[in-house]
Amino acid sequence: MTNSEPAAGRIPITELWRAQARAAPMRVVLADGDDQRARDAAQCLDQEGLAEPVLLDDPSGSCSLAVKTKAEASPWSKRIDLADPLHVAALMVAAGEADACVGGANRPTADVVRAALYCIGPALGVETISSCFLLVLSDGTPITYGDCGVVPEPDRDQLASIAISTAATHEQLVGETARVAMLSYSTKGSAGGSRVERVRSATEKVREMMPSLAVDGELQFDAAWDREVAATKAPVSDVAGRANVFVFPDLDSGNIAYKITERLAGARAYGPLLQGTARVIHDLSRGCQADDIVTVAVIAAYQAARRGHDVS
């Protein structure tokens, strides 16, 4: 028994994102303008009315006064490269010349994270810029994994920050209350060690910071996902057997898990979605196709529209 019934009849989450994106088209800059996949994605986004795409292939042509001013004002100004399309694309978002940025089709995730940090910066109150993958299972059920792409060995505070950010991303994109499982090789004291203690301590910090968030740990994945296992291993938990957000203790386990879920379970994986940034910027897998870029751009547009609505 899984933690939810099959999602028969569920409207595909991607269609909900597309409908919202069409209702309020955002200006999304694609930083891989010299890549044919990005060009094809831009054409699709424009033709389907999903966004106003801006293909960035020549950074010098987009270095407006506002972009240069933002670069100079950044505490990381000495590391910003106005000849780098990722940096310029991120600065366009920071300067308000675009609503969101998507890039990294031919760059490592670290480059996109540096562009986000140097040119946009973290959101107010956020300690750690991290990432997550939103996975849609074969029956249409959406779940979210974090962190799968940014922080290699998160400490207690970073792990708590990742959990809070991933829960917020899940709620924003899926529209359901997050139930967060802090994963480990132990469930409720079945094993010990410093790595288990770090997860327990991070769970307590999440509860201190976000008392209203449903979070529990440490939990093994089977206890977090399967109701029958949860009834045995964690019978008093309000998350075990019902989790929809899974926070991994390190980058190794998170990255491996999302790829296994994608390849063996047939899930669709969307991300790495950066989170904890002041404005919307997302990474792309270097193995992405044009339709993947379209979907991530739609997610970015949807989040940008929601962010504007929330601020207003």
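None of these values were measured; they are calculated from a predicted model.

1. A short note on the pairing of strand β6 (residues 179-183)
Of all five residues in β6, five are buried, a share of seventy percent or more. Burial of the side chains of β6 extends over both faces: Arg 179, Ala 181 and Leu 183 are buried on one face and Val 180 and Met 182 on the other. Two strands pair when backbone bridges link them, and β6 and strand β7 (residues 214-219) are joined in this way by four bridges, in the parallel orientation. Bridge pairing in β7 places Val 180 opposite Val 215. Crossover connection from β6 via helix α7 (residues 194-209) to parallel β7: handedness right-handed. Where β6 and strand β8 (residues 245-247) come together, three bridges link them in parallel fashion. Among the inter-strand pairings, Ala 181 is bridged to a residue of β8, identified as Phe 246.

2. Notes on the packing of helix α3 (residues 65-73) against helix α4 (residues 85-94)
Between two packed helices, both the angle of their axes relative to each other and the distance between the axes serve to describe the pair. Between α3 and α4, the shortest axis-to-axis distance is 9 Å and the interhelical angle comes to 95°. It follows that α3 is roughly perpendicular to α4 by the angle criterion. Counted together, Val 67, Lys 70 and Ala 71 of α3 and Leu 91, Met 92 and Ala 94 of α4 form the full contact between these two elements. Looking at the contact of α3 with α4 residue by residue, the classes come out as five nonpolar, no polar and one charged.

3. As for the pattern of salt bridges
Per the stated rule, a full pass over the model turns up 19 salt bridges. Between Lys 205 and Glu 127 there is a salt bridge; the shortest N-O distance is 3.7 Å. Here Glu 127 lies in the loop between α5 (109-119) and β4 (130-136) and Lys 205 lies in helix α7, a separation of 78 residues in the sequence. Each member of the salt-bridge network shares a partner with another, and the members are Asp 84, Arg 107, Asp 111 and Arg 114.

4. Some words on the packing of helix α6 (residues 156-174) against α7
Remark: α6 packs on α7, axes separated minimally by 8 Å, with the N-to-C direction vectors making an angle of 55°. As far as their axial angle goes, α7 and α6 are oblique. Every pair of crossing elements has a handedness; the one defined by α6 and α7 is right-handed. Only Arg 198, Val 199, Ser 201, Ala 202, Lys 205, Val 206, Glu 208 and Met 209 of α7 make contact with α6, whose side of the interface consists of Arg 156, Asp 157, Leu 159, Ala 160, Ala 163 and Ile 164. Across the contact of α6 with α7, the residue classes tally to eight nonpolar, one polar and five charged.

Conventions adopted
Residues numbered from 1 in each chain as written. Predicted model: local features only at pLDDT ≥ 70, side-chain atom pairs only at ≥ 80, totals over all residues. Heavy atoms only, no water. Buried < 20%, exposed > 50% of the residue type's maximum accessible area, 1.4 Å probe, protein only. Helix = DSSP H or I, 4+ residues; strand = E, 2+ residues; numbered from the N terminus. Pairing = 2+ DSSP bridges. Right-handed = clockwise from strand over helix to strand, strands pointing away. Axes fitted to C-alpha atoms, helices over the stretch in contact; angles between N-to-C directions. Parallel < 35°, antiparallel > 145°, perpendicular 65-115°, else oblique. Contact = heavy atoms within 4.5 Å. Nonpolar A, V, L, I, M, F, W, Y, C, P; charged D, E, K, R; others polar. Salt bridge = Lys/Arg side-chain N within 4 Å of Asp/Glu carboxyl O. Left-handed = near helix turned anticlockwise from the far one by under 90°.

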